[in-house]
Structure formats: C-alpha cells, structure tokens
Amino acid sequence: MTAQHPIAHPSTGRRRLAPAPRPLLALIRVEARLFLRDPGTWFFTLVFPALLLTTLGLFMPWADDPYDATDPVLGTITAITGYTPIVLSLAVATVALTGYPATMAGYRQRGVLRRLSATPVAPSRLLAAQVVVNVLALLVAGGLAIGVATVVLDVSAPAQPVTVLLAFVLAAFAAFGLGSLVAAVAPTTGAATGVGMTLYFVSLFFAGVWFPLPLMPEPVQQIATYVPLGAATQAMTAGWAGQPFPTQTLVVLAAWSLVTVPLAGRLFRWS
Amino acid sequence: MDDSVIEVSHLRKTYGDTQAVRDLSLQVHRGEIFGLLGRNGAGKTTTVEIIGGLRRPDSGQVTVLGLDPIRDGARLREQVGLQLQDSQLQPRITVREALDLYASFYPEPADPTALMAELGLTAKAGTRFDRLSGGQRQRLSVALALVGRPQVAILDELTTGLDPHARREAWDLVRQVRASGVTILLVTHLMEEAERLCDRIAVIADGTVVATGTPAELAASARTGRILSFVPDGPVPDGLLDAIPGVQAISLLEGRLVLRGANQMVQDVLVALAGAGLHADDLRLEAPNLEDAFLELTRTEKEVAA
Ligand SMILES: Nc1ncnc2c1ncn2[C@@H]1O[C@H](COP(=O)(O)OP(=O)(O)OP(=O)(O)O)[C@@H](O)[C@H]1O
Ligand SMILES: [Mg+2]
C-alpha cells in the first residue's frame, strides 16, 4: 500500500484535507443538530412556553384582570403579565429537567461517553456541549415567550429588567444543577426520565403553572419560596411588577446552584 | 529501539472476586496483526481496554508506543484507535456526522468520505445511527477507530455481526490498513479469522496467555495428531484395529469409524482392513487445525475429565 490509502497513518506524510473545527465547536454543532432533529424535543422546549402564554393571553377571560387585586403592587399588573414569569420558569424547567438529564443518562447508558474517552477528546466536552445547546435553547424559548408577550399580548415591560434577568440566570443555574444531579446518578435513560419528570411536575406546581402562586394557600406559597422554580417565579415576578428587591428568593436560587453543581460534578459517572 | 509496539507484562485485574486477568504478558511488534483468542469471559476485552487506557490495571506493566496508557493517556489516544465491543453513538447522529465529528478530534484525520467508501457505508451516509443494521453499526465503529489514522488499531470483535461478505471485506480492510503501516491488535472468537488474518496469536484462558505463536505453529502444537475416518463395508472383527500401534482412540459415529492417533497409523489400519477382506469407503484423513488447538488449550478442567 501507498500513502494514497485514506487510512495511512501520519508517518506517511499526508496533509490534512480540510481544517478541522475545534472539537468542542464540532460537538456543539452536532448536538444542536440532534436537538433539532427530534420534533418532540424542540416543540416542547422552544415553542410550547410561548404557545401556552399566547393561548392563555388571547382566550382566557381573566387575562386582563389585575394579577392580584389584594396586593398593592401585584394589583398594578395584568394577570397575563403576572403569568409571564411563570412561563419563563416553565421554559427553564423543561430544558433543565426533561431533555438534558435524559439525554446525558442515555449517553452514559449507551456507552457514548465511554466511546469518547477512547479518543483525544474527553467525554466532559460532550457534557459541556449538551449544556451549551440547552442554554441556547433556553434563550430561544425565553426570547420567544417574551417576544410573543410584548408583540401579541400587550404584556407590560418589567419594572426592573436587571432583577428579572438576574433571577432568570440564577434560576437556570439552579435548575441545570438539579438536572445535572439527575444526569449524574441516573443509571439509565428511563431512570433519568422518571426522576426528571417527577421533579419537573413538582417544579411546575410550585412555579405556579397550574395555579398562579397568589391564588395558592399560604403554606404552599411559603414552600414555593424554597423550591428552585418557585423561588424563580417569585423573584422574576417581583422584578417585573416592581416589588422590593427579592433578596431571599435569589439567595435560595444561588444556594441551590452552590449545592447541586459541585455535587453533580463529584457524582458524575462517565461509564 | 526494538520493534515492540505494545508490551504487557504481569498484568492483573480483579473485579470484586472475579480475577479477570492474572499475570498476563504479551508483546506486539510493529506492523503485525496480532490476534487475541479466547472463550467468553477469558479476559480479552479487559486486556485490550487496559492497553487502550480505558481501564486501570491492578498491577503489571503496560507500554504502548513507549507510552503509559494511564499517565500519557492524552498522547496515547491520538495514536491508538479503539473499536469497543459494546458502545453506541448518539441515536440520531448520522454516519456522515459521526465520522466528521470524530475526524475533528484528531490532528491529521483520514478523509471521512474515503473511509465511508472503503467500508461500504456511502449509501448510508445520511442514515441515523439508530436506524443502521447491526453490521452497519459495526462497520461505522471500525471506521471511527481508524478515522484518526492511528499507529495502533485495537479492534474488539471486529467482525461480530457481519455477514460473510462483509466479514471478508473487513478482513481486506484490515490487511490494507496494516499494509499502510498500522499495527493491529484484534480480539476474535473466529478461528477462520485468526487463521487468515493474524500474523501471531495469543490464546487466552482464564485471564492469562496459554500459548503464543503463528496460527500454523499453534495448530501444529495440538496433541490431537491425525483423525482417520471411513465407512467399513462389513463388520470389523473385535480387536483388529485396537492392536495397531499409534491408534489412541476409536469411536463409531453414524456408521463411520473414527480413529484418532499418530500419522503412521494410517498405513497399518488400511493393511489390517485389507487382511480382513474389508474395504474402507469414503475415507477421510484430517490434520488438526487451529480450532482443535484452541479447544485443547482452552478446555476447562471439567471438560478435560469428561
Ligand atoms: N466492569 C466489570 N465489572 C465486573 N466484572 C467484569 C467487568 N468487566 C469484565 N468483568 C468480568 O471479567 C471477566 C473477563 O471479562 P472480559 O470482558 O474481559 O472477557 P472477554 O474475554 O472479552 O469475553 P467475551 O468474549 O465474552 O467478550 C468476566 O468474568 C467478566 O464477567
Ligand atoms: Mg470481550
């Protein structure tokens, strides 16, 4: 055989055919394509939050009522404006607790991570690529929801946009931390889906997706303060409506991140 | 510098109370196709995955291209291509995407298009991994092991799941890859594969090497001698054949007499039959092959007693 053979090893002096993209970029590109290849995934992550908000805003008779008539601040925003932070929490929960942990656990179960550890690229890069793709998905989902809210629904602009953004970012950290913990320990796709879905529906409950928090009994509202997506909704609502700075709920979100992210890092199994 | 590419000495690996590999030593030379042959659970995968840096040995020395698989893992993985026995890819990734992706991991990769053509995957370039047949997955897995243009390729059950045509194509590919200077460590159960493809073989039983040599050397070492079988055209008198020197065992199998023994028994058996007025129809003489040697070397104690 000669150097013409496509597999001839480097000592035969063959030059590279095309400049290879950096591995992490290549992984991100592939993972993004795979994400978009599954209609169920991108519909629920990207489109559903905006669609839910639009449907409620256009067809619910309460949409333009005051969000909480008994509260001096929350009474100044419409119900559909009050529902917008809830939908943002929903977007965070969907990305971080359903798709991401199930995908990572599946990669471990199928040996995708192990196969990577036989290449020069560490399997942690695939984890990184997954997080990047899911964060991008979250930004698209959040952007789409806010876009629809302002263009179609007349939702009022946040009184303190920086507070809302801070709460959103901290919520993403906390939820990805929780999702990573599931991804770290779930042995199979099935286990990750089961645990992830349970956390997901509990989160949706406390985030106020079924019933907005002001409508819930006082004890539930208290518990919601300590649940990541409950705290997220409350902090974003405070920023949106112009309540006092939501120190307590932001600290709760930061605490969740500080516990779950390192713990997931420690417990993560690559094979 | 000597031409050893892989050097393993006194390797040990235990899982709980299973001794997967015990005191295993072997050497693979540059440019050869080296086969690891052994029964299920003999420790082949454990051995090659330690060589590839995927598992940590409990004790023993492993050197690959002068590198320690654990300490120099990063450099090793650029030069060693692994095909793992059971690992899959992302379910929705296409053949083309997988090859392009893996090509991006290496400094001087092979051309994915050429590699697909080489492995008969061109028509499947756009097919998702979860829709490939078992054999197609296997071919992709081989392609991924080679896409980094490694100096050493470790193939764990290269042809499992391939049909006879695909198997021959895979063998041709391995020969071509070797001809381009790549050293190949091949795990297999198939005698034919080992016989046709490997320059040298190590037979592994119970986690250790029980024999090493060329396929011909190993076959010749089988103690089975010759196997002579025929259909006599009448009843053979008692004691006629037992007395012949060199005959070690006689058995009757569906009307055929099967004699095992040394090569020189053949002439004497035919003479004795002629003396008794008998003819030997459908006469066959078989030499032991690699499979006989393998069965003998890897028999468990229970099977020896039987
Ligand atoms: N990760 C593991 N944990 C526990 N035991 C293991 C592990 N991997 C292998 N073993 C055990 O070690 C022994 C050798 O296994 P190995 O996979 O190396 O065999 P093999 O020769 O490759 O077999 P096969 O031909 O079936 O692939 C077996 O008894 C197996 O059960
Ligand atoms: Mg094996």
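Going by the structure above, here's the rest.
Quick summary incoming for the structure in this document. Every chain is numbered independently, its residues counted from 1 as its sequence is written. Labels are handed out in written order, letters beginning with A for the chains and numbers beginning with 1 for the ligands. pLDDT decides what is reported in this predicted model: residues at 70 or higher carry local features, side-chain atom pairs at 80 or more are listed and counted, and totals for whole chains, interfaces and linings draw on all residues regardless. With hydrogens and water stripped out, all remaining heavy atoms of the structure feed into the side-chain values.

**Section: the coordination of the magnesium ion (ligand 2)**
All names here are of chain B.
Here is step 1 of the chain: Ligation of the magnesium ion (ligand 2) by protein atoms is provided by T45 (OG1) and Q85 (OE1), these donors lying 1.9 to 2.1 Å from the ion. In this pair, T45 sits in helix 1 (residues 44-51) while Q85 sits in the loop between strand 5 (80-83) and helix 3 (95-103), placing the two residues 40 residues apart along the sequence.
Here is step 2 of the chain: Accessible area is worked out with a 1.4 Å probe on protein chains only. A residue is then buried under 20% of its type maximum, exposed over 50%, and partly exposed in between. Overall, the relative accessible area of 17% leaves T45 in the buried class.
Here is step 3 of the chain: Classification of Q85 as partly exposed rests on a relative accessible area of 36%. Counted as donors are N, O and S atoms no farther than 2.8 Å from the metal, or 3.2 Å for Na, K and Ca; water is not among the atoms, and sites may therefore look incomplete. Under the scheme used here, helices are H or I runs from DSSP no shorter than 4 residues and strands are E runs no shorter than 2 residues, and both carry numbers assigned from the N terminus.

**Regarding the site of ligand 1**
Residue and element names in this part refer to chain B.
Here is step 1 of the chain: Any residue with a heavy atom positioned within 4 Å of a molecule or strand is treated as near that molecule or strand. Contacts to ligand 1 come from 15 residues, most closely from G41, K44, T45, T46 and Q85.
Here is step 2 of the chain: Under the rule applied, a polar contact is a pair of N or O atoms within 3.5 Å (in protein, one hydrogen donor and one hydrogen acceptor; residues adjacent in sequence only if both atoms are side-chain atoms). At a separation of 3.2 Å, an oxygen atom of ligand 1 approaches a polar backbone atom of A42.
Here is step 3 of the chain: Contact distances for ligand 1 include 2.9 Å between an oxygen atom and a backbone N or O atom of G43.
Here is step 4 of the chain: When the free accessible area of ligand 1 is taken as 630 Å², the share hidden by the protein chains comes to 64%.
Here is step 5 of the chain: When residues of the shell around ligand 1 are traced back to their parent elements, those giving at least two are strand 2 (18-29) and helix 1.
Here is step 6 of the chain: It is helix 1 that contributes the most residues to the shell around ligand 1, 3 residues altogether.
Here is step 7 of the chain: Each residue belonging to the shell around ligand 1 can be placed in one class, and the counts come to 3 nonpolar, 8 polar and 4 charged. The accessible surface values rely on the Shrake-Rupley method and a 1.4 Å probe; as for residues, cover is taken only from the protein chains in view. Under the scheme applied here, ten amino acids are nonpolar (Ala, Val, Leu, Ile, Met, Phe, Trp, Tyr, Cys and Pro), four are charged (Asp, Glu, Lys and Arg), and all others, including Gly, are polar.

**Some words on the sheet that holds strand 11 (residues 247-253) of chain B**
Think of a sheet as strands paired side by side through backbone hydrogen bonds, with each pair either parallel or antiparallel.
All names here are of chain B.
Here is step 1 of the chain: Two strands are said to pair when DSSP picks up at least two bridges between them. Here we have 4 strands laid out as an open sheet, ordered 11-12-10-13, and antiparallel in their pairing. The strands lining the two open edges of the sheet, one partner per strand, are strand 11 and strand 13 (280-286). This sheet shows a mean twist of 20 degrees between the axes of neighbouring strands, independent of strand direction.
Here is step 2 of the chain: What makes two residues a contact is simply this: any of their non-hydrogen atoms within 4.5 Å. Comment: axis = line fitted to C-alpha atoms, over the contacting stretch for helices; angle = value between 0 and 180 degrees taken between N-to-C directions. Contacting strand 10 (226-232), strand 11, strand 12 (256-261) and strand 13, helix 9 (residues 265-275) runs over the sheet at an angle of about 15 degrees to strand 10.

**Focus: the interface of chain B and chain A**
Here is step 1 of the chain: In this assembly, 44 residues from chain B lie in contact with 35 residues from chain A.
Here is step 2 of the chain: Here, a salt bridge means any Lys or Arg side-chain nitrogen found within 4 Å of an Asp or Glu carboxyl oxygen. In this structure, the salt-bridge partner of R114 of chain A is E49 of chain B, at a minimum N-O distance of 2.1 Å.
Here is step 3 of the chain: Across the contact surface, chain B and chain A share 10 residue pairs in polar contact (both at pLDDT 80 or more).
Here is step 4 of the chain: Contributions of two or more residues to the side of chain B that touches chain A are made by helix 2 (73-79), strand 5, helix 3, helix 4 (112-118), helix 5 (134-146) and helix 6 (164-179) of chain B.
Here is step 5 of the chain: The element that contributes the greatest number of residues to the side of chain B that touches chain A is helix 6 of chain B, accounting for 4 residues.
Here is step 6 of the chain: Looking at the side of chain B that touches chain A, its residues break down into 25 nonpolar, 9 polar and 10 charged.

**Quick notes on the pairing of strand 2 of chain B**
Every other side chain in a regular strand lies on the same face of the sheet, so the side chains alternate between the two faces.
Residues and elements named next belong to chain B.
Here is step 1 of the chain: In terms of strand pairing, strand 1 (residues 4-15) meets strand 2 through 8 bridges, oriented antiparallel. Bridge assignment links E7 to a residue of strand 2, and that residue is Q27.
Here is step 2 of the chain: Hairpin connection of strand 1 to strand 2: 2 residues between the antiparallel strands, including G16 at a positive phi of 55 degrees.

**Regarding the packing of helix 7 (residues 189-207) of chain A against helix 9 (residues 228-241) of chain A**
Residues and elements named next belong to chain A.
Here is step 1 of the chain: It is at 7 Å that the axes of helix 7 and helix 9 come closest, and there the two elements cross at 30 degrees. What the angle tells us is that helix 7 and helix 9 run roughly parallel. Our pair here, helix 7 against helix 9, has a crossing hand that is right-handed. In contact with S203, F206 and A207 of helix 7, helix 9 contributes L229, G230 and T233.
Here is step 2 of the chain: Along the lines of polarity and charge, the residues of the contact of helix 7 with helix 9 split into 3 nonpolar, 3 polar and no charged. In this scheme, roughly parallel covers angles under 35 degrees and roughly antiparallel covers those over 145, while 65 to 115 is roughly perpendicular and the rest are oblique. In a left-handed crossing the near helix is turned counterclockwise from the far helix by less than a right angle, and in a right-handed crossing that turn is clockwise.

**Details of the side chain of Q136 of chain B**
All names here are of chain B.
Here is step 1 of the chain: By the secondary structure assignment, Q136 is in helix 5.
Here is step 2 of the chain: For Q136, a relative accessible area of 17% translates into the label buried.
Here is step 3 of the chain: Residues contacting Q136, with those up to four places away along its chain left out, are L121 and K124.

**Re the layout of surface pockets**
All names here are of chain A.
Here is step 1 of the chain: Estimates place the volume of the largest pocket at around 610 Å³.
Here is step 2 of the chain: As defined here, a cavity is a set of points on a 1 Å grid over the protein atoms alone where a 1.4 Å probe fits but cannot get out. A pocket is an open set with protein on both sides within 12 Å along at least five of seven lines, and residues line them when an atom is within 4 Å of a point. Lining the largest pocket are 30 residues, and of these D38, T41, G99, A102 and T103 lie nearest its centre.
Here is step 3 of the chain: The greatest single-element share of the lining of the largest pocket, amounting to 8 residues, is contributed by helix 3 (residues 79-109).
Here is step 4 of the chain: Of the residues contributing to the lining of the largest pocket, the split by class is 12 nonpolar, 14 polar and 4 charged. Grid points are joined across faces, edges and corners, and a volume is the space filled by probe spheres set on the points.

**A closer look at the pairing of strand 5 of chain B**
Residue and element names in this part refer to chain B.
Here is step 1 of the chain: Taking every second residue as pointing to the same face, both faces of strand 5 are buried, with V80 and L82 on one and G81 and Q83 on the other.
Here is step 2 of the chain: Where strand 5 and strand 6 (residues 152-156) come together, 4 bridges link them in parallel fashion. In the strand pairing of strand 6, G81 is matched with A153.

**Focus on empty space enclosed by the protein**
Residues and elements named next belong to chain B.
Here is step 1 of the chain: In the structure shown here, the tally under the stated rule is 1 cavity of 30 Å³ or more.
Here is step 2 of the chain: Roughly 30 Å³ of internal volume is contained in the largest cavity.
Here is step 3 of the chain: Around the largest cavity, the lining residues are V142, L146, L155, L173, V174, V177 and I184.
Here is step 4 of the chain: Elements that contribute at least two residues to the lining of the largest cavity include exactly helix 5 and helix 6.
Here is step 5 of the chain: The dominant element in the lining of the largest cavity, judged by the number of residues it contributes, is helix 6, at 3 residues.
Here is step 6 of the chain: Class assignment for the residues of the lining of the largest cavity results in 7 nonpolar, no polar and no charged.

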